[in-house]
Amino acid sequence: MSRHPYQSLPDKAFWRRSVAEVPTGDIDPVGDFGLRIDSETKVATAGSCFAQHIARYLREHGYNYFVAEPGHPILPQSVREQNNYGLFSCRYGNIYTARQLNQLMERAYGRFQPLEDVWFDAPENVLDPFRPSTQPGGFISENEMRLDRGQHLAAVRRMFEELDVFVFTLGLTECWRARADGGVFPLCPGVQGGEFHAERHEFYNQPVEEVIDDLSAFAKSLAAVNAAAQIVLTVSPVPLAATAESGAHVLSATTYSKSVLRVAAEMVRQRFDNVHYFPSYEIVTGAFNRGSYFAADLRNIIDNGVSH
């Protein structure tokens, strides 16, 4: 029998040996991963709702989960949690898209100042358009919101400059942005605050090239303020709750969005030595677990999926 390249490959290269014949909980799709996180590594997190699971798991299992914006120490922990402190490393709420992440970096360092930067739901209910659900009930005045935003962006700068590892979970390609300057909101205006105006706001679905560009720009900006920082990219396995893509079915829209994000993550991993990919998407959505990691709504991830 002639020799060929497949004969020297490890078990993980073969479906039968690493998937079909392995118990569900033991399947490990991690390939080459040139990074180790120990109890001293300062790990910061951001991203979509699935990133909250990563943050919670790190915190509960003795890792050094870095919270740069913990809230005032005089506040009881329960009150801080109710006000979304500690949900992520800073109180930015869900960051669903690569564009949103890149703009957070640009806003934190004063390189981007969105034109639409305040929402008034009522005279005494003021929202930050870029984290509208972070402050329960909103702020009592525009001045309070701006002071809180200043503290928030200072914490974001500290996080970027002091972290060892930044874990970012890519969630969506679909977004809503301001027509005037391209400022991306985490939610469509009007869903959880603000008002939607078709002449001011537009739906946008990022193509793979732009996701790659945004992640690359972010990686370069992070390196400029923290040369030793490592980045771990993941893709959220949580399907879209709804799609605004004209004529699209939410299932097909989900497949498009996750496919673009997965490809972009791989391209950026290949481009930067300090960028790594962790296959949380593959673990949760892989056919090997027969859907057992999803709750009854087929969206939310249950604990054994997060644990895996």
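Details of the structure are given in the entry above.
As the structure is a computational prediction, the values presented were derived from the model and not from experiment.

Colleague: Is there a simple way to explain the overall build of the chain in this structure?
Modeller: Of regular secondary structure, the chain possesses 9 helices and 10 strands. Taking 2.2 N^0.38 as the reference for a compact globule, 308 residues should give roughly 19 Å; the C-alpha atoms of the chain span a radius of gyration of 20 Å, in line with that estimate. Burial status across the chain gives 48% buried among its 308 residues. A separation of at least 24 residues holds for 66% of the contacts in the chain among residues at least 6 apart in sequence. Counting only carbon and sulfur atoms, one obtains 53% of the accessible surface of the chain, whose full area is about 15300 Å². Separation of charge centres in the chain, based on 28 positive and 37 negative side chains, amounts to 4 Å.

Colleague: Would you mind showing me how to read the sheet that holds strand S2 (residues 64-65) here?
Modeller: In any sheet, the strands associate via hydrogen bonds between backbone groups, in a parallel or an antiparallel arrangement. Taken in spatial order, the 5 strands of this open sheet run S2-S1-S5-S9-S10, and their pairing is parallel. Each edge of the open sheet carries a strand with a single partner, namely S2 and strand S10 (275-277). Where strand S9 (residues 230-235) lies against S10, 3 bridges are found, and the strand directions are parallel. Looking at S10, one finds that Val232 is bridged to His276. Those strands touched by helix H7 (residues 250-271) are strand S5 (165-170), S9 and S10, and its axis lies near 140° from that of S10.

Colleague: What exactly am I supposed to notice about H7 here?
Modeller: An α-helical turn contains 3.6 residues, so any two residues separated by three or four positions project in the same direction. Helix length check: H7 (22 residues) gives 31 Å between terminal C-alpha atoms against 32 Å at 1.5 Å per residue, within 8%. Those residues of H7 that sit buried are Ala253, Thr254, Ser257, Lys258, Val260, Leu261, Ala264, Ala265, Glu266 and Val268. The inward-facing, buried residues of H7 contact S5, strand S6 (174-178), helix H6 (208-225), S9, S10 and helix H8 (280-285).

Colleague: What am I meant to see in the environment of Glu174 here?
Modeller: Looking at the element boundaries, Glu174 is found in strand S6. Here Ala244 takes part through its backbone nitrogen, which lies 3.1 Å from a polar atom of the side chain of Glu174.

Colleague: Explain empty space enclosed by the protein here, please?
Modeller: Evaluation of the coordinates by the stated rule reveals 2 cavities of 30 Å³ or more. Along the walls of the largest cavity sit Tyr92, Ile95, Gln100, Gln103, Leu104, Arg107, Phe130, His152 and Val184, which together make up its complete lining. Top contributing element to the lining of the largest cavity by residue count: helix H4 (residues 98-108), with 4 residues. Considered class by class, the residues forming the lining of the largest cavity number 5 nonpolar, 3 polar and 1 charged.

Colleague: Would you mind going over the sheet that holds strand S8 (residues 201-205) with me for this structure?
Modeller: Strand order in the open sheet made by the 3 strands is S7-S6-S8, with antiparallel pairing throughout. The open sheet has two edge strands, strand S7 (184-185) and S8, and neither has a second partner.

Colleague: For this particular structure, what's the right way to read the packing of H4 against helix H5 (residues 142-162)?
Modeller: For any two helices packed against each other, one specifies the crossing angle of their axes together with the interaxial distance. Relative orientation of the contacting elements H4 and H5 amounts to 105°, with a least axis distance of 9 Å. The pairing of H4 with H5 is recorded here as roughly perpendicular in orientation. Across the interface between the two elements, Leu104, Met105, Arg107 and Ala108 from H4 touch His152, Leu153, Val156, Arg157 and Phe160 from H5. Grouping the amino acids of the contact of H4 with H5 by side-chain chemistry returns 6 nonpolar, 1 polar and 2 charged.

Colleague: Explanation requested: the packing of aromatic side chains in the structure shown.
Modeller: One pair of aromatic rings is described through two measures. These are the centre distance and the angle between the planes. For the structure shown, the criterion picks out 10 aromatic pairs. Between Phe33 and Phe278, the ring centres sit 6.4 Å apart and the planes meet at 80°, which makes this aromatic pair edge-to-face. With Phe33 in the loop between helix H1 (15-20) and strand S1 (42-47) and Phe278 in the loop between S10 and H8, this pair connects stretches of sequence that are 245 residues apart. Residues Phe88 and Tyr92 carry aromatic rings whose centres are separated by 5.9 Å and whose planes lie at 40° to one another, so their mutual orientation is tilted. Residues Phe88 and Tyr92 agree in their burial class; the two are buried.

Colleague: What exactly am I supposed to notice about the pairing of S1 here?
Modeller: Looking along a regular strand, one sees side chains alternate from face to face of the sheet. In terms of burial, S1 is largely enclosed, as 5 of its 6 residues are buried. Across 5 bridges, S1 lies against S5 in parallel orientation. Each bridged residue has a counterpart across the sheet, and for Thr45 the counterpart in S5 is Val167.

Colleague: What is the right way to read the pattern of salt bridges from this model?
Modeller: Where charged atoms of side chains with opposite charge meet at close range, the side chains can pair. This model, assessed by the stated rule, comprises 23 salt bridges. A salt bridge links Asp32 to Lys12, with the nearest nitrogen and oxygen atoms 3.6 Å apart. Linking Asp32 in the loop between H1 and S1 with Lys12 in the segment before H1, this pair joins segments that are 20 residues apart in sequence. Put simply, Glu142 and Arg146 hold a salt bridge, and the shortest N to O gap is 2.8 Å. On the criterion of helical spacing, the pair formed by Glu142 and Arg146 is a turn pair, its members being 4 residues apart in helix H5.

Scoring rules and cut-offs
Along each chain, numbering runs from 1 in the same order as the chain's sequence is written. Local features in a predicted model are, by the rule used here, given only for residues with pLDDT of at least 70; side-chain atom pairs are given and counted only at 80 or more, and totals for whole chains, interfaces and linings are based on all residues. By convention in this description, side-chain values take in all heavy atoms of the structure and omit both hydrogens and water. Every helix listed is a DSSP run of H or I at least four residues long, and every strand listed is a run of E at least two residues long, numbered separately from the N terminus. Here the radius of gyration uses the C-alpha set of atoms, whereas the globule reference equals 2.2 Å times the residue count to the power 0.38. With a 1.4 Å probe rolled over the protein chains alone, any residue whose accessible area is under 20% of its type maximum counts as buried; one over 50% counts as exposed, and the rest are partly exposed. The contact criterion used throughout is that any non-hydrogen atoms of two residues lie within 4.5 Å. Every accessible area reported is derived by Shrake-Rupley at a probe size of 1.4 Å, with residue values counting cover from the shown protein chains alone. For the purpose of charge, His is not counted, nor are the chain termini; Lys and Arg are scored as positive and Asp and Glu as negative. Note that the charge is assigned to NZ on lysines, CZ on arginines, CG on aspartates and CD on glutamates. Pairing between two strands is assigned when DSSP locates at least 2 bridges connecting them. All axes here are fitted lines through C-alpha atoms, helices being fitted over the stretch that makes contact, and every angle between N-to-C directions spans 0 to 180 degrees. Here, expected helix span is obtained from the residue count minus one, scaled by 1.5 Å. Polar contacts, as counted here, are pairs of nitrogen or oxygen atoms within 3.5 Å of one another; within protein the pair requires one atom able to donate a hydrogen and one able to accept it, and residues that are adjacent in sequence qualify only if both atoms are side-chain atoms. Cavities and pockets are found on a 1 Å grid laid over the protein atoms alone: a cavity is a set of points where a 1.4 Å probe fits but cannot escape, a pocket is an open set with protein on both sides within 12 Å along at least five of seven lines, and a lining residue has an atom within 4 Å of such a point. Grid points are joined across faces, edges and corners, and a volume is the space filled by probe spheres set on the points. Each residue is assigned to one class: nonpolar for Ala, Val, Leu, Ile, Met, Phe, Trp, Tyr, Cys and Pro, charged for Asp, Glu, Lys and Arg, and polar for all the others, Gly among them. Our angle categories are set so that under 35 degrees counts as roughly parallel, over 145 as roughly antiparallel, 65 to 115 as roughly perpendicular, and the remainder as oblique. The pairing test for Phe, Tyr and Trp rings, Trp by its six-membered ring, is centres within 6.5 Å, and the orientation test on the planes gives stacked under 30 degrees, edge-to-face over 60, and tilted for anything in between. Here, a salt bridge means any side-chain nitrogen of Lys or Arg that lies within 4 Å of a carboxyl oxygen of Asp or Glu.

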